[in-house]
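Spelled out, the chains give:
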Amino acid sequence: MLPFGENASEKLEEDLFHYIDTHQDDFVQLHDGQTIQFPPAILAQLGNDTDKATVCFYGHVDVQPAKKEDGWKTDPYTLTENNGNLYGRGATDNKGPVLAWIHAIDTYMALKKDIPVNLKFIIEGVEETGSPGLVKLLKEHEKFFSDVDYIVISDNVWLSRKPALTYGTRGNAYFFVEVESGKKDLHSGTFGGIIHESMRDMVYLLASLVDTSGRILIPGIYDDVAPLTEEENKLYNSIDFDMEEHKNNTEVNTFLYNTKEEILQHMWRYPSLSIHGIEGGFSGVGTKTVIPSKVIGKFSIRQVPNMQIPVVEKLVRKHLEDVFAKLNSPNRLKVSLEIGAMPWVAKVDDPQYEAAKRAIRKVFGIEPDLIRDGSTIPLARTFQDLTKKKVMMLPIGGADDGEHSQNEKISRSNYIQGTKIFASFFLELSKLHEDLQTKSNLKNAKIAQLIES
């Protein structure tokens with residue numbers, strides 16, 4: 001139970017925010033510039049009070065490779081502040097948010113205040129290489145999650161300059177389609193016009209997947225897409241999204257859709273198919289008159305609830321085989337699923353979302369956007385399926401932070417205000433959790449009373 005009332009809670013938040021503001025320089029720099037060796041993953045725990053909610057935070061501290069000569073204006077591995085931004089590889093993905101969580105805890109300890117929730121941590125060191133071994137680790141430590149009430153991930157960014165909470169991501173089904181005509185490449189002058197060329201078959205196959213409006217042409221692919229509910233549709237109305245700014249950021253001339261709602265829905269809650277490339281043949285600078293003997297086309301489908309990987313794979317395979325059969329080609333066709341990551345969606349009325357909304361209102365004075373992410377974050381679905389716990393994504397990074405890109409950064413403001421959000425989130429979640437526990441106890445008492453009577 002909380003040892004203080006609402007007024008005391010507000011006073012504590014004021015003290016927490018003041019401490020974070022006055023110690024922000026300490027939070028920005030790694031003390032003494034020391035290097036820290038990190039294992040593949042760390043599981044940690046702080047507090048075990050059975051009357052408190054238990055929150056498990058996930059983050060990672062490994063990063064994508066980076067070199068100064070790639071186009072960085074500063075050394076990517078030396079945190080550099082310029083014009084209010086903190087530049088460095090991992091600043092937003094994901095070292096900054098991990099440190100913000102830790103500094104929020106440091107603040108409670110520095111003020112000698114009780115942390116109002118129990119905390120557990122999964123801090124990973126191999127996320128950028130696909131989290132090898134993490135699922136096995138989590139299964140081996142199943143008891144670690146036995147008392148966890150909520151799981152929070154802060155490994156994504158806002159949609160705009162406005163704070164946001166993420167409640168869904170798309171999945172990813174990545175396919176290879178291989179066409180082989182022979183055992184060696186041939187000269188187009190000698191053999192062109194007399195053989196069934198593998199590249200020609202491949203072009204037909206890839207062209208059959210999606211039309212010029214972006215609609216996927218695979219029969220049945222939209223059958224299992226979750227319908228757009230009225231409640232979900234309303235969420236798009238208040239989202240802060242500037243189409244022209246987004247267009248400028250992506251450096252394209254036009255989008256496939258003309259309204260904010262259409263663009264966001266096709267980014268987040270409808271499937272898309274992208275063709276990524278063809279392996280084999282000649283793709284270098286200049287000319288080469290080669291007929292490749294084998295080519296591999298690569299494409300992916302970002303699937304959404306309620307699409308299932310086995311169903312998507314079956315539909316893709318049947319479609320490509322049907323199209324290939326119509327070509328009357330003697331070449332060999334092989335279709336394989338290389339990646340099968342499921343989509344994830346949460347309930348926005350879960351307690352941790354309400355707590356995060358309250359914390360954001362306390363820090364920024366505004367209501368956050370409720371957004372989805374068009375990309376895939378497999379761990380959200382993994383945590384949800386393995387632990388059966390409620391999962392939320394609570395980002396603090398900005399839309400222009402450039403994760404995985406040159407000159408990755410997080411603004412000092414987002415970093416420090418984000419630390420305040422996390423500190424406030426502990427308080428707000430503890431109050432909501434206590435209310436839920438009280439209501440649950442009263443309900444159980446009434447049921448017991450009815451049974452006795």
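Residues numbered from 1 in each chain as written. Predicted model: local features only at pLDDT ≥ 70, side-chain atom pairs only at ≥ 80, totals over all residues. Heavy atoms only, no water.

(A) Representation of the nonpolar core in the model. Membership of the largest hydrophobic core comes to 67 residues, with the highest contact counts inside it found for Ile 122, Phe 145, Phe 383, Leu 394, Phe 425 and Phe 426. A total of 10 residues in this core trace back to one element, the largest contributor, which is helix H13 (residues 412-452). Contact partners of Phe 426, with chain neighbours within four places excluded, come to Trp 101, Ala 104, Ile 105, Tyr 108, Ile 115, Pro 116, Val 117 and Leu 119. Listed in part, the 27 residues of the second largest apolar core include Val 210, Met 307, Val 312 and Val 323. (Core = buried A, V, L, I, M, F, W, Y, C linked by side-chain atoms within 4.5 Å. Buried < 20%, exposed > 50% of the residue type's maximum accessible area, 1.4 Å probe, protein only. Helix = DSSP H or I, 4+ residues; strand = E, 2+ residues; numbered from the N terminus. Contact = heavy atoms within 4.5 Å.)

(B) Inspection of the pairing of strand E12 (residues 294-302) at higher detail. For E12, a buried count of 7 out of 9 residues is recorded, marking the element as mostly surrounded by other parts of the structure. For strand E8 (residues 172-180) and E12, the ladder comprises 8 bridges, and the chain directions are antiparallel. Among the inter-strand pairings, Phe 175 is bridged to a residue of E12, identified as Phe 299. The pairing of strand E10 (residues 272-279) with E12 spans 7 bridges and is classified as antiparallel. Note on E12: the bridge partner recorded for Leu 273 is Ile 301. (Pairing = 2+ DSSP bridges.)

(C) Summary view of the sheet that holds strand E3 (residues 80-82). Read from one edge to the other, the open sheet built from 3 strands follows the order E3-E4-E17, with strand pairing classed as antiparallel. Each of the sheet's edge strands pairs with one partner strand only, and the pair in question is E3 and strand E17 (409-411). When the angles between neighbouring strand axes are averaged without regard to direction, this sheet yields 25°. In the sheet, strand E4 (residues 85-87) pairs with E17 via 3 bridges, with the strands oriented antiparallel. (Axes fitted to C-alpha atoms, helices over the stretch in contact; angles between N-to-C directions.)

(D) Focus on the packing of aromatic side chains. Per the stated rule, a full pass over the model turns up 13 aromatic pairs. Taken together, a centroid distance of 6.0 Å and an interplanar angle of 40° make the contact between Tyr 108 and Phe 426 tilted. Here the residue Tyr 108 occupies a position in helix H3 (residues 95-110), and Phe 426 occupies one in helix H13, the gap between them amounting to 318 residues. For the pair Tyr 108 and Phe 426, one class covers both residues: buried. Each member of the aromatic cluster is reached from another via a ring pair, and the members are Phe 57, Trp 101, Tyr 108, Phe 121, Phe 422, Phe 425 and Phe 426. Above the ring of Phe 144, the side-chain terminus of Lys 120 is found at 4.7 Å from the ring centroid. Sitting above the plane of the Tyr 270 ring, Arg 269 keeps its charged end 4.8 Å from the centroid. (Phe/Tyr/Trp six-rings, centres within 6.5 Å; stacked < 30°, edge-to-face > 60°. Lys NZ or Arg CZ within 6 Å of the ring centre and 35° of its normal.)

Fair warning: the whole summary comes from geometry, so function is off the table for now.
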